[in-house]
Amino acid sequence: MGSRLLGIIVKEFIHLRRDILALFLALVVPVVMLGLFGWAINTDVKHVPTAVFEQSGSPEAREFLDALGNSQYFEVRYWVSSHRELTRLIDGGAAKVGVVIPPDFSRRLSRQAADIQLIVDASDPLVATSAINAAASLGLQRSLRVMARTLEGTALGRQSDPPVDVRVRAWYNPDLVSAIFIVPGLIGALLMQTTISAMAVSVVREREKGTLEALIVSPIRRWELLLGKIVPNLAVAYGQMTMALVVARFVFDVPIRGSLTLLYLMAAAFMLGTLGIGIFVSAVSRTVPQAMQLAFLSFLPSIYLSGMLFPIEGMPLAAQYLASLVPLTYFLRIVRGIVLKGVGFEYLWPSLIPLMIFGTCIFSLAVFKFRKTLD
């Protein structure tokens, strides 16, 4: 019995040694994933992109804005001259926070009754909560400084409210419900998982069964073979997308404010890239487990680095650059922009262009690799 067991163990080790790809995926990838996620994931969000509409031009307003920038929670990137421009930046996702300082800020501050409006893109509750807490803290600190400069007496004794009132307006998700943020993002994850895994496994399964060679020598052309594999996967992916939208709307009360037609059209650009990844995985894999591992390798980093679960603003700068290479990052902006914000193509085209470039390149490379491998 011992010799038989030892023989089986030795045989399995020989198989592992021959399958270098599987051994690499089993030993190296988990270590890389742990290091990547431990380094990149951070829920303490800082340097939130901020737009400022400053109308007073007073030293007091400048002092508050300097404190805002020095807090490290806000990064003032835009100075606007109208509410419309501020709204456009927040709708487009360029700014997550808008600060509005009224024209009479200095005069009202001297009367200890000044207010500052803080507009927060609450489609991401983590970013919104961090911004709201940081702004409230700054407002309180400023109020204490103003009150400390005031002579003690009846004027101070009658002061019941803070001199600087930071009034928050949370857009798109005023109750900061996490499901409203996460559920639309799951649509992108479902599409990616379906198109990559299903496409890769369907081709590799044909190879394992020996039917792929029979299809190749048949009158069927290679582009017909690929298209025949792609169309059913696309139909399933769009079906999943539809079901996810129905569940999001009627189970989780996610508001769908934009055009679903636009969402379906833009999803095609995203799936062009994910199908390309699936074809490429099928071309380099020889077994279904290998295909599943490679699909998982491409899927998991996208989930964590795209901003689906954790805000990109909280990641280190190098991780943010990595996130900009992930197609899911741009598709999530499209989904959340259409579903939660109700914006149109004029706001979403900057996210569509990277998807089209990535999709065209990876799909072309995958088809070339597929043809070369079959030859």
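Above this text sits the structure in question.
Remember, predicted model here, so these are calculated numbers, not experimental data. (Residues numbered from 1 in each chain as written. Predicted model: local features only at pLDDT ≥ 70, side-chain atom pairs only at ≥ 80, totals over all residues. Heavy atoms only, no water.)

Asker: Help me understand the pattern of salt bridges in this model?
Answerer: Side chains bearing opposite charge may pair, as long as their charged atoms lie close to each other. All chains considered together, the criterion is met by four salt bridges. Where Asp 104 meets Arg 107, a salt bridge forms, and the shortest distance between an N and an O atom there is 3.1 Å. The class of Arg 107 is partly exposed, set by a relative accessible area of 41%. Where Asp 121 meets Lys 341, a salt bridge forms, and the shortest distance between an N and an O atom there is 3.0 Å. Linking Asp 121 in strand 4 (residues 114–121) with Lys 341 in helix 14 (residues 327–341), this pair joins segments that are 220 residues apart in sequence. For the pair Asp 121 and Lys 341, one class covers both residues: buried. Taken together, the salt bridges that share partners define one network made up of Lys 96, Asp 121 and Lys 341. (Salt bridge = Lys/Arg side-chain N within 4 Å of Asp/Glu carboxyl O. Buried < 20%, exposed > 50% of the residue type's maximum accessible area, 1.4 Å probe, protein only. Helix = DSSP H or I, 4+ residues; strand = E, 2+ residues; numbered from the N terminus.)

Asker: How should I be thinking about the nonpolar core in this particular structure?
Answerer: Across soluble globular proteins, you tend to see nonpolar side chains buried next to one another. Residues Leu 191, Leu 263 and Phe 270 are the most contacted members of the largest nonpolar core, which totals 52 residues. Counting residues per element, this core draws most heavily on helix 8 (residues 178–209), at ten residues. With sequence-adjacent residues up to four places away left out, Leu 263 is seen in contact with Met 241, Leu 245, Ile 334, Val 335, Ile 338 and Val 339. Residues Leu 109, Ala 114, Ile 116 and Ala 128 belong to the second largest nonpolar core, which totals 27 residues. (Core = buried A, V, L, I, M, F, W, Y, C linked by side-chain atoms within 4.5 Å. Contact = heavy atoms within 4.5 Å.)

Asker: What am I meant to see in the side chain of Asp 91 here?
Answerer: With respect to the secondary-structure elements, Asp 91 resides in helix 4 (residues 83–92). No salt bridge is formed by the buried Asp 91. Its closest oppositely charged neighbour is Lys 341, at 6.1 Å. A polar contact of 2.4 Å, which involves the side chain of Asp 91, links it to the side chain of Tyr 172. Apart from residues no more than four positions distant in its own chain, Asp 91 is found in contact with Tyr 172, Lys 341, Val 343 and Tyr 347. (Lys, Arg positive; Asp, Glu negative; His and termini not counted. Polar contact = N/O pair within 3.5 Å; in protein donor to acceptor, adjacent residues only side chain to side chain.)

Asker: Even after reading the chapter, I still don't get the packing of helix 8 against helix 14, so can you show me in this structure?
Answerer: Each packed pair of helices is defined by two parameters, the angle between the axes and the distance between the axes. Between helix 8 and helix 14, whose axes approach to 9 Å, the crossing angle comes to 130°. Relative to helix 14, the element helix 8 lies oblique. In this structure, the crossing between helix 8 and helix 14 has a hand that is right-handed. Across the interface between the two elements, Ile 180, Phe 181, Pro 184, Gly 185, Ile 187, Gly 188, Ala 189, Leu 191 and Met 192 of helix 8 pack against Leu 328, Phe 331, Leu 332, Val 335, Arg 336, Val 339 and Leu 340 of helix 14. The residue makeup of the contact of helix 8 with helix 14, split by class, is 13 nonpolar, two polar and one charged. (Axes fitted to C-alpha atoms, helices over the stretch in contact; angles between N-to-C directions. Parallel < 35°, antiparallel > 145°, perpendicular 65-115°, else oblique. Left-handed = near helix turned anticlockwise from the far one by under 90°. Nonpolar A, V, L, I, M, F, W, Y, C, P; charged D, E, K, R; others polar.)

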